[in-house]
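# Architecture at a glance
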Amino acid sequence: MTVALITGSAGLIGAETSRFFADKGLEIVGIDNDMRSHFFGKEASTVWSRRRLEKDLRNYLHIDEDIRDQDSMSSLFQRYGDEIGVVIHTAAQPSHDWAAQDPHTDFTVNANGTLNLLEMTRRNCAEAVFIFVSTNKVYGDTPNRLPLIELEKRFELETEHRFHSNGIDESMSIDHNLHSLFGASKAAADLLVQEYGRYFGLKTACFRGGCLTGPGHSGAELHGFLAYLMKCAVEDRPYTVFGYNGKQVRDNLHSWDLANAFWEVFQSPRVAEVYNMGGGRESNCSMLEAIDMCEEMTGRSLRWSYKDLSRVGDHMWWIGDLTRFRTHYPNWQVTRNVPQILQEIMEGLAERGMAAP
């Protein structure tokens, strides 16, 4: 049976992908050591998700190891060898705020860990597809140079700016800008994934994600925009909006849609591809718009406050252009928009025992 080796398998994207590929008949080997709880505290732990995977999936094996450990990764890849048909690398330190607190851990997880996985793939299963979850933060703050207009509840691109009318595409430079340390470590990993494709011929793909979200997200203040916002709304917690008057815009993609995109690549892989991936023009919102939706769904006012301190390297406006991916994989589509995603997140919180008092 073909093995899908999935890192960060208990996280939002990893768990969704484990279920998706298991349903397709693959054997899932999931690697996750719950580093998310180290990054963001106990409430961000993914142990609950791991337990669900082990309970629900007969063809799921969990490996509690660290991707930075060369010996353990080498042993694991040697064990399965060319049975590995796809490596889907979702594990990461995902917060640019957290990265500044511990740059060494951020870089070793994001860059060194990725290098380990690429090298083990090259040595043990060179025909496997290698899929990497990168980030739009590799573009640094270059998107903030786009001509934006300020509307009542969001920033929007000037209508006459024809080059990015469908969103930001992959031609935007990742150089000569402010990335944050997280953006730099992910850019290093992103380039490594591309290079192992171009230099060694591995079938690699980088997905530069916008806001990737869904009910499986263990949302925390430093990571997980929609999930944490809805958690605060449901549990009547205070929420802080940082900078840009709450009008910063993000596109939001459901984790199922991303897992489906991975499947499309696995079925018809290319070499050294890069895709901007998110909700695009079909699924996006500003902070203020998301707050309005949460209040309407929960029937209560969110206790939010504003801090006039924008996060370093943060984007004022990000909507990804999905044209390149759709050109290569025309059967793929966005299936859920922001209101539908928020509804699923609210229902997921209720299932886990978190409900509005």
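The structure contained in this document is the topic of the report that follows. (Residues numbered from 1 in each chain as written. Predicted model: local features only at pLDDT ≥ 70, side-chain atom pairs only at ≥ 80, totals over all residues. Heavy atoms only, no water.)

### A few points about the sheet that holds strand β2 (residues 27-31)
- With parallel pairing, seven strands are arranged side by side in an open sheet as β3-β2-β1-β4-β5-β8-β12. Each edge of the open sheet carries a strand with a single partner, namely β3 (60-63) and β12 (273-277). If you compare each strand with its neighbour and ignore which way they point, the axes differ by 15° on average.
- Where strand β5 (residues 129-135) lies against strand β8 (residues 203-209), seven bridges are found, and the strand directions are parallel. Opposite threonine 135, over in β8, you have glycine 209 as the bridge partner.
- Against the sheet, helix α4 (residues 70-80) touches β1 (3-7), β2, β3 and β4 (84-89), its axis set at about 175° to β2.
- Contacting β1, β4 and β5, helix α6 (residues 103-124) runs over the sheet at an angle of about 165° to β5. (Pairing = 2+ DSSP bridges. Helix = DSSP H or I, 4+ residues; strand = E, 2+ residues; numbered from the N terminus. Axes fitted to C-alpha atoms, helices over the stretch in contact; angles between N-to-C directions. Contact = heavy atoms within 4.5 Å.)

### Points about unusual backbone geometry
- The backbone of serine 180 sits at a positive phi, close to 80°, despite the residue not being glycine.
- Mapping serine 180 onto the fold places it in the loop between β7 (155-157) and α7 (181-198).
- Here the phi dihedral of tyrosine 244 falls at roughly 60°; this positive angle occurs in a residue that is not glycine.
- Looking at the element boundaries, tyrosine 244 is found in the loop between β10 (239-242) and β11 (249-254).

### Examining the packing of aromatic side chains
- This model, assessed by the stated rule, comprises 19 aromatic pairs.
- Seen in terms of ring centroids, tyrosine 139 and tryptophan 318 are 5.5 Å apart; in terms of plane orientation they differ by 25°. Their pairing is stacked. Taken together, the positions of tyrosine 139 in the loop between β5 and β6 (148-150) and tryptophan 318 in strand β15 (residues 317-318) put the pair 179 residues apart, joining distant regions of the chain. Assigned by exposure class, tyrosine 139 and tryptophan 318 land together as buried.
- By way of ring pairs, the aromatic residues Phe207, Phe262, Tyr275, Phe325, Tyr329 and Trp332 are connected into one cluster.
- Across the ring face of phenylalanine 200, the terminal group of arginine 122 is positioned such that the distance to the ring centre comes to 4.3 Å. (Phe/Tyr/Trp six-rings, centres within 6.5 Å; stacked < 30°, edge-to-face > 60°. Buried < 20%, exposed > 50% of the residue type's maximum accessible area, 1.4 Å probe, protein only. Lys NZ or Arg CZ within 6 Å of the ring centre and 35° of its normal.)

### Digging into a negative patch on the surface
- A grouping of Asp64, Glu65, Asp69 and Asp71 is seen on the molecular surface, where their side chains present a negatively charged patch.
- Turning to its location among the elements, aspartate 69 is positioned in the loop between β3 and α4. (Patch = residues over 30% accessible without salt bridge, like charges linked within 9 Å, V, L, I, M, F, W, Y side chains within 5 Å. Areas by Shrake-Rupley, 256 points an atom, 1.4 Å probe, with all protein chains shown as cover. Salt bridge = Lys/Arg side-chain N within 4 Å of Asp/Glu carboxyl O. Lys, Arg positive; Asp, Glu negative; His and termini not counted. Charge placed at Lys NZ, Arg CZ, Asp CG, Glu CD.)

### Comments concerning the environment of threonine 327
- Note on placement: threonine 327 falls in helix α11 (residues 323-328).
- The class of threonine 327 is exposed, set by a relative accessible area of 58%.
- Side-chain polar atoms of threonine 327 contact the backbone oxygen of threonine 323, separated by 2.7 Å. (Polar contact = N/O pair within 3.5 Å; in protein donor to acceptor, adjacent residues only side chain to side chain.)

### Some remarks on the packing of helix α8 (residues 225-235) against helix α12 (residues 338-351)
- Direction vectors running N to C along α8 and α12 enclose 55°, while the axes themselves pass 10 Å from each other. Considered as vectors, α8 and α12 are oriented oblique to each other. Relative to α12, the crossing made by α8 is right-handed. Contacts from Leu226, Ala227, Met230, Lys231 and Val234 of α8 reach α12 at Val338, Ile341, Leu342, Ile345, Met346 and Leu349.
- Here the residues of the contact of α8 with α12 sort into ten nonpolar, no polar and one charged. (Parallel < 35°, antiparallel > 145°, perpendicular 65-115°, else oblique. Left-handed = near helix turned anticlockwise from the far one by under 90°. Nonpolar A, V, L, I, M, F, W, Y, C, P; charged D, E, K, R; others polar.)

### Considering the nonpolar core
- Phe21, Val86, Phe207, Phe262 and Phe325 are the most contacted members of the largest nonpolar core, which totals 36 residues.
- Only β1, α1 (12-23), β4, β5, β8, α9 (255-267) and β12 provide two or more residues apiece to this core.
- Excluding its chain neighbours within four sequence positions, the residues that come into contact with phenylalanine 21 are Ala4, Leu26, Ile28, Val86, Ile88, Ala259, Phe262, Trp263 and Phe266.
- If you look at the next biggest cluster of nonpolar residues, it comprises 26 residues, including Val3, Met73, Ala91 and Leu118. (Core = buried A, V, L, I, M, F, W, Y, C linked by side-chain atoms within 4.5 Å.)

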